[in-house]
Amino acid sequence: MSIRIAGTGSYVPDKVLTNADLEKMVETSDEWIRTRTGIQERRIAAPDQATSDMAYIAGSRALEMAGVKGEELSAIIVATITPDHVFPGTGCLLQKRFGAPGAFCFDLEAACSGLLYSLEVAYSLMRVNRKYKYVLVCGAEKLSCITDWTDRNTCVLFGDGAGAVLLENVDDDQPGCVLASDLHADGNYGDILLMPAGGSRMPASEESVRERMHSIRMAGKETFKLAVPSMVSASRKVLEEAGVAPSEVKLVIPHQANQRIIHAVAQRLDVPEERVYENISHYGNTSAASIGICLDEVVRNGLIERGDYVLLTAFGGGLTWGALLLKY
Ligand code: UT7
């Protein structure tokens, strides 16, 4: 008995916001954005398109790949910091659209590490209780609605999109798809990457809107410095635990926060850059969606095959971070 990835899916909105577009909005330059982040463009959801709409398309594509119907789902987990509503949960909205009456559903908030956290939760649940046959894990974000479009420090970084992974409990004697995991959090650094308003600490008010408190605030340099060693240490841990050498890993899929972070992680792990997957230039940082979008792209483009080792690693607000070693 084991658990495998039965399907993957992703979706990004049609609207492209280029660095040239941003040059007209804030004091920045294409050159600065490219050299400091590696980002050339990002996707922006339509005004009437919410996070669940993107997650639904990504999830549908994962189900379609696996030949599974919505009604067969046992659970739906949505990793997001931009749910449609505080409640009901985005997972419940998806349940209705998938026609999955038997599924229990919830959202998981671990910022950019949300997909890794959700995969770990889903995988562990499925191992303990084999009645959960199919669990759909989505990472989906409409970050454009919590971006301060007057703040050049942050508005050049983020984009919208969704990724999905369908896990299946199967009757075979293979090892499961998650060979090792190493997840962490450190709330002491909660204030270096946050959205100050909109929760019970600072409910929406005229002042909170005026002061632009309903958008992402980030101490970029400090976050950068913590991101690299954290992702490297978690990645080393899972490789060690599984007894897999970096040279045996077919692809490393890091959270797409900054190309310089991605390259620094690759270098410290001693993995050549051609075995580190990147799509940040096209989508920017899509938080919980980023690893799911990457995974779907590598599956659909045939960059990994069944049995390959794939290392996922993420870092984000909370702080939260970690790594999962997959055997696809
Ligand atoms: O997904 C969750 C995790 N997120 C991350 O891990 C992101 C981590 N941080 C980063 O990716 C980088 O720190 C940033 C891309 C956010 C910033 O890059 P940096 O090399 O750390 O730049 P900086 O913040 O030190 O800023 C350098 C200069 C500053 O000017 P002064 O003070 O040196 O005169 C900024 O004001 O660049 C300026 N700057 C900009 N200039 C043009 C900041 N943003 C921009 C901009 N265009 N968009």
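Residues numbered from 1 in each chain as written. Predicted model: local features only at pLDDT ≥ 70, side-chain atom pairs only at ≥ 80, totals over all residues. Heavy atoms only, no water.

Explain the site of the ligand here, please?
The full set close to the ligand counts 24 residues, and Thr28, Arg36, Lys221, Asn258 and Asn285 are the nearest of them. Here Arg36 contributes a side-chain N or O atom positioned 2.7 Å from an oxygen atom of the ligand. The side chain of Asn285 places a nitrogen or oxygen atom 2.7 Å from an oxygen atom of the ligand. Out of a free accessible area of 960 Å², the ligand has 75% covered by protein chains. Of all the secondary structure elements, the ones that give two or more residues to the shell around the ligand are α2 (30–37), α6 (152–155), α8 (220–242), α9 (259–269) and β12 (309–316). (Near = heavy atom within 4 Å. Polar contact = N/O pair within 3.5 Å; in protein donor to acceptor, adjacent residues only side chain to side chain. Areas by Shrake-Rupley, 256 points an atom, 1.4 Å probe, with all protein chains shown as cover. Helix = DSSP H or I, 4+ residues; strand = E, 2+ residues; numbered from the N terminus.)

Quick question: what am I supposed to make of the environment of Gly318 here?
As for its placement among the helices and strands, Gly318 is situated in the loop between β12 and β13 (320–327). A C-alpha to C-alpha distance of 32 Å links Gly318 and Ser2, two positions 316 residues apart in sequence. Sequence-distant contacts of Gly318, defined by excluding residues within four places in its chain, comprise Asp186, Gly187, Tyr189 and Gly190. (Contact = heavy atoms within 4.5 Å.)

Before we go on, may I ask you to explain the nonpolar core in this structure?
Nonpolar side chains in soluble globular proteins tend to end up buried together. Among the nonpolar cores identified, the biggest contains 42 residues, and Val265, Leu311 and Leu325 are the most heavily contacted of them. Secondary-structure elements contributing two or more residues to this core are α8, β11 (249–254), α9, β12 and β13. Among the elements that make up this core, the one with the highest residue count is α8 (seven residues). Lining this core are residues from two domains, each supplying at least three of them: domain 1 (2–170) and domain 2 (178–327). Excluding residues that lie within four positions of it along the chain, Leu325 makes contacts with Cys177, Val178, Leu179, Ala180, Val238, Leu239, Ala242, Val244, Tyr309, Val310 and Leu311. (Core = buried A, V, L, I, M, F, W, Y, C linked by side-chain atoms within 4.5 Å. Buried < 20%, exposed > 50% of the residue type's maximum accessible area, 1.4 Å probe, protein only. Domains from an automatic or database assignment.)

What is the right way to look at the domain arrangement of the protein chain in this model?
By a widely used convention, the size of an interface equals the accessible area lost when the partners come together. The domain boundaries assigned to the protein chain delineate domain 1 (2–170) and domain 2 (178–327). Taking only C-alpha atoms, the centre of domain 1 and the centre of domain 2 are 14 Å apart. The interface is formed by 52 residues belonging to domain 1 together with 45 residues belonging to domain 2. Between the two partners, domain 1 and domain 2, sit one salt bridge. Its salt-bridge partner being Asp148, residue Arg212 comes within 3.7 Å of it at the nearest N-O pair. (Salt bridge = Lys/Arg side-chain N within 4 Å of Asp/Glu carboxyl O.)

Honestly, the sheet that holds strand β8 (residues 178–185) in this entry has me stumped. Any pointers?
Within a sheet, neighbouring strands are paired by backbone hydrogen bonds and run either parallel or antiparallel to one another. Taken in spatial order, the four strands make up an open sheet running β8-β13-β12-β11, and their pairing is mixed. Every other strand in the sheet has two partners, leaving β8 and β11 as the edge strands with one partner each. The average angle at which neighbouring strand axes cross in this sheet is 10°, direction not considered. Pairing between β11 and β12: five bridges, direction parallel. Bridging from a neighbouring strand, Ile253 pairs with Leu312 of β12. (Pairing = 2+ DSSP bridges. Axes fitted to C-alpha atoms, helices over the stretch in contact; angles between N-to-C directions.)

Any chance you could explain the side chain of Ser208 here in plain terms?
Its place among the elements puts Ser208 in helix α7 (residues 206–210). According to the relative accessible area criterion, Ser208 is buried, its value standing at 3%. Of the polar contacts made by the side chain of Ser208, one reaches the backbone nitrogen of Ser205; its length is 2.8 Å. Ignoring sequence-local partners within four residues, the contact set of Ser208 consists of Ala197, Met202, Pro203, Met213 and His214.

Teacher, can you tell me more about the environment of Pro254 here?
Looking at the element boundaries, Pro254 is found in strand β11. Taking the relative accessible area as the measure of exposure, Pro254 reaches 1% and is therefore buried.

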